[in-house]
Structures are given as structure tokens and as C-alpha cells.
Amino acid sequence: MHRLVAVLCALLVVTGCAAGSDLAKHKPYPRSTVKANAEAVSESGTQPTTSAEGQPVDAAFAPDKLRLIDPCELLDRKLLEQVGKPGEVSPTGFSRCSNFMADAAGKDLAVTIEVGQTMTTEVKNADKTLSGLKSYEQTLDNDACFVSVITQERPALGMTVQIGYKDGDACAPGRKVMEGALKTIRERGATRSPAKGSLVTLDPCVLPDKAVVDAAATASNRQYPYGLHSCTWVADGRDLVFDLRSTFVPDDRKFDDKQVEVDLGGGVKGYQLASTGAYPSCTVKWVHRMDADQEGEVVEIKSAGAKKSEFDRCATAVAFAKGVLPKLPKA
């Protein structure tokens, strides 16, 4: 099991991963992909749905609706029983959930689903159709399969089911779970009721005022949404990232030993961390609200730029934080 968990955690859309209930207690990793190793297949006679600029392929997959999807609800026990013996679900962040289970013979089978991923590579290489959506499959050394579907093309968004399984065809259960998840979304729609003050429904690209963004990323910035809960603004020599997440929160709020406390106003305490190197950056984060068991919702802002770009990254991140704080719901 540990090898399968490591495979899934290291290679695709990982926002923190480990077996069991500690999934969210680890630092995020950048999204990466593995080399494709599957022949093109398609459902007989089924043509994939396409979408216009800024529109989902189906209204059920609109980003504001996907934000209300509880990924763990998509891993329904009756669905998972079709591919094996389910264990307990393990959520990670707003959009990811895993079930480290077994197949019918008791062999390890790890299932992870993520909703609302950016699909830049997948949308270009999608060569299959699954439940009427363009689909792309990636395999890894016969140990894992990643089944992705495209729910929006411009900008590209989608869903992925990751299967870790070394005792058989990992893609077959991946397709089965994805088909069940898509059916649930189309038939049931929203599967979560956000807590009071939750960040989960917010669009980080829309939330900040233009003046606040321009002050932090210059007026010539270009906007790039990433998934459902992160947005980046890029200008020559600098960029700004605005991220909303559900994650593990240490009791002492010590996210990093080198962090520095900063006053963001209104009684909000932020935690600032500067980083040097070829592309120096400064990150400011704060805890917006707490759930149970050291899980909470965190806002993180990162200002970065090439070393030759002379601007105060920490002052920029703090100013942006103060600019967006009044726009956040009261926890």
C-alpha cells in the first residue's frame, strides 16, 4: 500500500498526500504529469462535447457548481464496491478525496478523485470519450492509471480519478469510478453545504478589485486561473498568486520556522515568509476559519519576481492581503 500511495502522491495534482486521516497535514507539491502510455479508445459512436470560451461542456460542470461538490461524496461506497472493498475516505483540501481500499481478492487498490483541475496538457492530448466527455488516460509502470475528463476547454478544467493498483488493469476501475462520479454530478448537483464564512465558493480571480491587483502585479498583468481555488497574475519579471485552501493548521500556527508575524489589520494576524534565490518571493498567509481536528481554511498570497526586478515582495503581498481581506466572508 505504501508504494501505491507514494506513486499517487508524487505524480499528479498533489496538494498534500499520505495514507489515512493525515492526508492534509503535508505541504503542497506542484502539479505534474506522467508520460502517456495508452492507445486511443472511444465509446462506440459517441462524440465528445465541446464548449465555447469560458463555458463548461455541460451546465452541471460550471466552476461555481463544481466548488459545491464534495469530492468524498463522489466516492460512494456502492460505487466503490463495484471495484473492490472500500475503506474510509480521506479528504485533502476542497477538491480532493482518497479511499485506500482493496480489490475483491484483498489486494491494495488506492482511489483518488480531484474535481476542477487545470487541464492544459490533458485537453490537448484527450483522445478518448467517457460519458460523453473528452477523456485522457495516463499510466505509470503498470502501477497507476490517471483517468481524466475535460469539463471545460477554454480555460481548460476537468476531473481526474487516480488508481494505484499493481495487481491488474488500473485503468478499468478508474473509468468505472469516473463514470459513477459524473453520473452523481449530473443527477444530484451540489453535494456540500458550506459552513458559515467558508472560502470554498469564492472565485479567487474575481474576488479582488482590479486596482488591488494592478497595484500588486502592475497594470499590464495577465490573469491565469488555476483549478477552482487559485489565481495567478503575471507581468514582466513578476507574478502574484492568490490561493484559497482547506488544510492542516498547526496548533501554534507555526507553518514554517522562519515565518514572521505581520499585522494585517482588523485583528487579523498574518504569517510572512521570504525566500531568496534566482526568483525571490514572499508569502503571506493567515487562518480564515477553523474546522475540527486542526483542519482549517487558509488564505495564501505569494509575490515573486526575477532577481533583477526591484520591488518589495513582502510589502506587495501584505498590501494585497489588506486589499482582499474586506472582501472575504465573515467566519
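Reading the values: rules and limits
Residues numbered from 1 in each chain as written. Predicted model: local features only at pLDDT ≥ 70, side-chain atom pairs only at ≥ 80, totals over all residues. Heavy atoms only, no water. pLDDT = per-residue confidence, 0-100. Helix = DSSP H or I, 4+ residues; strand = E, 2+ residues; numbered from the N terminus. Contact = heavy atoms within 4.5 Å. Disulfide = S-S within 2.5 Å. Pairing = 2+ DSSP bridges. Axes fitted to C-alpha atoms, helices over the stretch in contact; angles between N-to-C directions. Phe/Tyr/Trp six-rings, centres within 6.5 Å; stacked < 30°, edge-to-face > 60°. Buried < 20%, exposed > 50% of the residue type's maximum accessible area, 1.4 Å probe, protein only.

Novice: Whenever I open this one, the confidence of the model for the protein chain confuses me. Can you help?
Specialist: Detail in the predicted coordinates should be disregarded across regions flagged by low pLDDT. Of all residues in the protein chain, 84% attain a pLDDT of 70 or more, and the chain-wide mean is 86. Here helix α1 (residues 2-11) is the element of the protein chain with the lowest mean pLDDT, 42, and helix α8 (residues 313-324) is the one with the highest, 98. The low-confidence segment residues 1-46 (pLDDT under 50) makes 112 contacts with residues lying over four places distant or belonging to another chain.

Novice: Can you walk me through the state of the cysteines in this structure?
Specialist: Put plainly, two cysteines are in a disulfide when a covalent bond ties their sulfur atoms together. According to the stated counting rule, one finds four disulfides in the structure shown. A sulfur-sulfur separation of 2.0 Å characterises the disulfide bridge that pairs cysteine 145 with cysteine 171. On the sign convention where negative is left-handed, the bridge of cysteine 145 and cysteine 171, at about 95 degrees about the S-S bond, is right-handed. In this pair, cysteine 145 is assigned in strand β6 (residues 144-153) and cysteine 171 in helix α6 (residues 171-188), connecting sequence segments 26 residues apart.

Novice: What is the right way to read the sheet that holds strand β3 (residues 108-118) from this model?
Specialist: In a beta sheet, neighbouring strands pair by backbone hydrogen bonds and run either parallel or antiparallel. Pairing in this open sheet of seven strands is antiparallel, and the strands run β1-β2-β3-β7-β6-β5-β4 from one edge to the other. Of all strands in the sheet, those with a lone pairing partner are β1 (89-92) and β4 (128-130), marking the two edges. Between one strand and the next, the sheet's axes are offset by a mean angle of 25 degrees, whatever the strand orientation. As judged from the four bridges shared by β1 and strand β2 (residues 96-102), these two strands associate in the antiparallel manner. Each bridged residue has a counterpart across the sheet, and for proline 91 the counterpart in β2 is cysteine 97. Across the sheet, α6 lies against β3, β4, β5 (133-140), β6 and β7 (156-164), angled at about 135 degrees from β7, the strand it touches most.

Novice: Looking at this structure, I do not really get the packing of aromatic side chains. What am I missing?
Specialist: Two aromatic rings, taken as a pair, are described by how far apart their centres are and by the angle between their planes. For the structure on display, the rule yields three aromatic pairs. Aromatic pair tryptophan 233 and phenylalanine 320: ring centres 6.0 Å apart, planes at 55 degrees, arrangement tilted. Of this pair, tryptophan 233 sits in strand β9 (residues 230-235) while phenylalanine 320 sits in helix α8, and the two are 87 residues apart along the sequence. Under the relative-accessibility criterion, tryptophan 233 is labelled buried at 2%. An aromatic cluster is present here, built from Trp233, Phe242 and Phe320 joined pairwise through their rings.

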